[in-house]
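The primary structure of each chain is shown beneath.
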There are 2 protein chains.
Amino acid sequence: MKVLITGGAGFLGQRLARELLSRGVLKDAHGAPQTITGLVLLDVVRAHDFGDARVRTEVGDIAERSVLERVIDDQTSAIFHLAAIVSGQAEADFELGMRINLDASRLLLEVCRQRGHQPRVVFTSSVAVYGGDLPAVVQDDTALNPQSSYGAQKAIAELLLNDYSRRGFVDGRVLRLPTISVRPGRPNAAASSFASGIIREPLNGEEAVCPVAGSTRLWLLSPRKAIDSLIAGLELDGAALGKQRAVNLPGLSVSVDEMIAALREVAGEKVAGRIVRQPDERIEKIVGSWPGAWDTSRAERLGLAAERSFADVIRGYIADEDIEVR
Amino acid sequence: MKVLITGGAGFLGQRLARELLSRGVLKDAHGAPQTITGLVLLDVVRAHDFGDARVRTEVGDIAERSVLERVIDDQTSAIFHLAAIVSGQAEADFELGMRINLDASRLLLEVCRQRGHQPRVVFTSSVAVYGGDLPAVVQDDTALNPQSSYGAQKAIAELLLNDYSRRGFVDGRVLRLPTISVRPGRPNAAASSFASGIIREPLNGEEAVCPVAGSTRLWLLSPRKAIDSLIAGLELDGAALGKQRAVNLPGLSVSVDEMIAALREVAGEKVAGRIVRQPDERIEKIVGSWPGAWDTSRAERLGLAAERSFADVIRGYIADEDIEVR
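Read on for a plain summary of the structure. Fair warning: this is a prediction, and the values are worked out from it, not measured in the lab.

What follows concerns the pattern of salt bridges. Side chains that differ in sign of charge can pair as their charged atoms come close. Residue and element names in this part refer to chain A. Applying the stated criterion across every chain yields a total of 50 salt bridges over all chains. Of the charged contacts, one joins Glu19 and Arg23 as a salt bridge, the two residues approaching to 2.9 Å between their closest N and O atoms. Within this pair, Glu19 and its partner Arg23 are both found in helix H1 (residues 11-23), separated by 4 residues, close to a single helical turn. Arg23 gets classed as partly exposed once you look at its relative accessible area, which sits at 35%.

Below you can see the structure in the form of structure tokens.
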């Protein structure tokens, strides 16, 4: 089986690649395990290939048809489309967000349609497709009402994937990811960047700015569980999804104050004391339009799961990243 | 004030043009009546200009940027975007539907963004954005779940208009039109074409095929009220719409059997006897995915209204089209 990951040099793309290479197999559309013979990692910068002969790295602009035609052939039976412009950047640079989050996603579906082999395609979507007057707990059938360009572009990509699936051009799945926390590395332009920063930087001995109120509720998932969910999402039976290909992934509903309390519990007062509260209206507006929790009974019936406590998430991060708490 | 109608040679476009020329004024964004000094009718065929010096007809492909740049300048303060590929044709010709229903709608918004004068833009949308497991009466915040390519393309255009409005590129409004009945003229490729045909053809002394079950519920609006709603939709205060620019227009919820009974009531048994029942699975599937009624309290608060009985709709059609019932 040949697999493609777009955004393959990114944080989730690299973790997903490592996990797929380690498992060595993926279920096919009939549920039968198949050996992964090739894994293409496409991105605008060259991805690490882990020194693995199964990996081919490709550098290119995903919004160009020739690039997608180079990485999708009629043997490419599993596609994880992770490439995206993050929320803050898509709001700041409207044209870039439209080009990558909308045009490239559509082009990917178009190339699949023209190949005609109906590959399984996983799109990642986001809490940002919701907004406006939301119920306390968002349901799977709550109306999409994005209040950011990123959310609008993701919602449009969902509609496209649904229609391309209904018509049999692809066998698509949309996984709406909670905000991923704790991400290793450095801050990025996502409005949600602080949701990792307020844990990661203090654990590294650095100050971190918290730009939103402590009562702000976030819907979080760890990198570990995100990778498990992406693979499970690709492997689940398309027929079980029915007409609606989008699934709200399980996550943890926590307030920023609860996150800080969990950091204090795991790493102590000194570490938690490195968080500086400095409200940023622009970020509060975007993050405040997202739901703080959603009903995930459908995802759970499909076999998907999240952590049970945010302290466990922090402990997992400390173990995975081999961090020495000071 | 300069006004543009896309699809200006079409049935609704021509009626709207005639009504605007007759009124001679439109409210501006501040609610003040302004004289209509120019009315551009764009379509793929040349529209009638009613021999009126205010009208300029333009022939061109609306999916080409140069065409839209020719008809939208920074004086074009009101745009009615009616051009579309109908549901049956968008299902049969996927690429054509995407090109006109999605690409052209986006291009229109893009040209407005680049002009930078934030015109008021009315998009027409449809019951076809809904589908799947629907409540008996669809609410304004029922999730969009289109089950046709036409519905998916309209839902995407709605999301685009919402985001372009939120960012201040246009002052947009989406009017979700019920199925228009009774349309004069001939059948078209819309899956809903029969909803006019089963009234119009019998009144013309011809047989008409009814391709769906008598219990099928439709959500209907007369051409008269559709035109009134388009103008009211453009004139209403954008601030009253808030974050969600789409409005479900009031209509009449009637079953096909009730439509036939109304025809019998207005025109007699002989006319109603010209309807031949001949189920068509393809059409039943598309039409059956649409809601038969929706809650329109929001539209009514905004001052929009429909007829009260389908017999009145038929009487209006007979009067408007000067039909002699035989």
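Residue and element names in this part refer to chain B. A sheet is described by the order of its strands in space; here 7 strands give the open sequence E5-E4-E1-E6-E7-E8-E12, paired in parallel fashion. Across the chains shown, the open sheet's two edge strands, defined by having one partner strand only, are strand E5 (55-59) and strand E12 (246-248). Each neighbouring strand pair of the sheet contributes to a mean axis angle of 20°, computed without reference to strand direction. Along the sheet, helix H4 (residues 94-115) contacts strand E1 (2-6), strand E6 (76-81) and strand E7 (120-126); its crossing angle with E7, the most-contacted strand, is approximately 170°.

This part is about the relation of the copies chain A and chain B. Between chain A and chain B, which share one sequence, the superposing operator has a rotation angle of 180° and an axial displacement of 0.0 Å; the RMSD is 0.0 Å. Those values place the two copies in the arrangement expected of a two-fold rotation axis. Identified as the residue of chain A closest to the rotation axis by C-alpha distance is Ala143 of chain A, at 1.8 Å. The share of interface residues of chain A whose copies in chain B are also at the interface is 100%, consistent with both copies meeting through the same surface.

Turning our eyes to something else, we now look at the sheet that holds strand E1 (residues 2-6) of chain A. Strand pairing within a sheet occurs via backbone hydrogen bonds; the two strands may be parallel or antiparallel. Residues and elements named next belong to chain A. Spatially, 7 strands are ordered E5-E4-E1-E6-E7-E8-E12 in an open sheet, and the strand pairing comes out parallel. If you trace the sheet from one side to the other, it starts and ends with strand E5 (55-59) and strand E12 (246-248), each paired once. On average, each strand axis in the sheet is tilted by 20° relative to the strand beside it, whichever way the strands run. Bridging between strand E6 (residues 76-81) and strand E7 (residues 120-126) involves 4 bridges; their strand directions are parallel. Across the sheet, the residue bridging to Phe80 is Val122, located in E7.

So, about the packing of aromatic side chains. All chains considered together, the criterion is met by 10 aromatic pairs over all chains. Here Tyr130 of chain B and Trp294 of chain B contribute two aromatic rings whose centre-to-centre distance is 5.9 Å and whose plane-to-plane angle is 65°, an arrangement assigned as edge-to-face. Placement of the pair is Tyr130 of chain B in the loop between E7 and helix H5 (149-166) and Trp294 of chain B in the loop between helix H11 (281-288) and helix H12 (297-301), with a sequence separation of 164 residues. Taken as a pair, Tyr130 of chain B and Trp294 of chain B share a single burial class, namely buried. Taken together, the ring pairs in this structure connect Phe94 of chain A together with Tyr164 and Phe169 of chain B into an aromatic cluster. The ring of Phe169 of chain A carries the charged tip of Arg113 of chain A above its face, separated from the ring centre by 5.4 Å.

Right, let's talk about the interface of chain A and chain B for a bit. Contacts between the two partners involve 31 residues from chain A and, on the opposite side, 31 residues from chain B. Both sides of the chain A and chain B interface together cover about 2600 Å² of buried area, and 53% of this is carbon and sulfur. In this assembly, chain A and chain B are joined by 8 salt bridges. Taken together, the connections running from chain A to chain B amount to 16 residue pairs in polar contact (both at pLDDT 80 or more). Of the residues forming the side of chain A that touches chain B, the biggest block, 9 residues, is contributed by helix H5 (residues 149-166) of chain A. Partitioned by chemical class, the residues of the side of chain A that touches chain B number 13 nonpolar, 7 polar and 11 charged.

Evaluation of the coordinates by the stated rule reveals 4 cavities of 30 Å³ or more. The volume enclosed by the largest cavity comes to roughly 50 Å³. What lines the largest cavity is simply Asn145, Pro146, Gln147 and Ala152 of chain A together with Leu159, Asn162, Asp163, Arg166 and Lys243 of chain B. Per-element accounting of the lining of the largest cavity gives the leading share, 4 residues, to H5 of chain B. Residue composition of the lining of the largest cavity, by class: 3 nonpolar, 3 polar and 3 charged.

Take the nonpolar core next. Across soluble globular proteins, nonpolar side chains show a tendency to be buried alongside one another. In this structure, Leu203 and Phe310 of chain A together with Leu203 and Phe310 of chain B are the most contacted members of the largest nonpolar core, which totals 156 residues. In this structure Leu203 of chain B touches Leu263, Ala267, Val271, Ile314, Tyr317, Ile318, Ile323, Glu324, Val325 and Arg326 of chain B, once residues within four positions along its chain are discounted.

Relative to the helices and strands, Asp322 of chain B is located in the segment after helix H13 (310-320). A C-alpha to C-alpha distance of 45 Å links Asp322 of chain B and Gly168 of chain B, two positions 154 residues apart in sequence.

Over the atoms a probe the size of a water molecule is rolled, and this reveals where empty space is left. Residue and element names in this part refer to chain A. For the second largest pocket, the calculated volume is near 1200 Å³. Together, 45 residues line the second largest pocket, and Leu82, Ala84, Val86, Arg183 and Asn188 are the ones closest to its centre. Residues belonging to the lining of the second largest pocket are distributed by class as follows: 24 nonpolar, 15 polar and 6 charged.

How each quantity is defined
- Residues numbered from 1 in each chain as written.
- Chains lettered and ligands numbered in written order.
- Predicted model: local features only at pLDDT ≥ 70, side-chain atom pairs only at ≥ 80, totals over all residues.
- Heavy atoms only, no water.
- Salt bridge = Lys/Arg side-chain N within 4 Å of Asp/Glu carboxyl O.
- Helix = DSSP H or I, 4+ residues; strand = E, 2+ residues; numbered from the N terminus.
- Buried < 20%, exposed > 50% of the residue type's maximum accessible area, 1.4 Å probe, protein only.
- Pairing = 2+ DSSP bridges.
- Axes fitted to C-alpha atoms, helices over the stretch in contact; angles between N-to-C directions.
- Contact = heavy atoms within 4.5 Å.
- Least-squares fit on C-alpha atoms with pLDDT ≥ 70 in both.
- Phe/Tyr/Trp six-rings, centres within 6.5 Å; stacked < 30°, edge-to-face > 60°.
- Lys NZ or Arg CZ within 6 Å of the ring centre and 35° of its normal.
- Buried area = accessible area lost by both parts, 1.4 Å probe.
- Polar contact = N/O pair within 3.5 Å; in protein donor to acceptor, adjacent residues only side chain to side chain.
- Nonpolar A, V, L, I, M, F, W, Y, C, P; charged D, E, K, R; others polar.
- 1 Å grid on protein atoms, 1.4 Å probe; cavity = no way out; pocket = protein on both sides within 12 Å on 5 of 7 lines; lining within 4 Å.
- Points joined across faces, edges and corners; volume = space filled by probe spheres on them.
- Core = buried A, V, L, I, M, F, W, Y, C linked by side-chain atoms within 4.5 Å.

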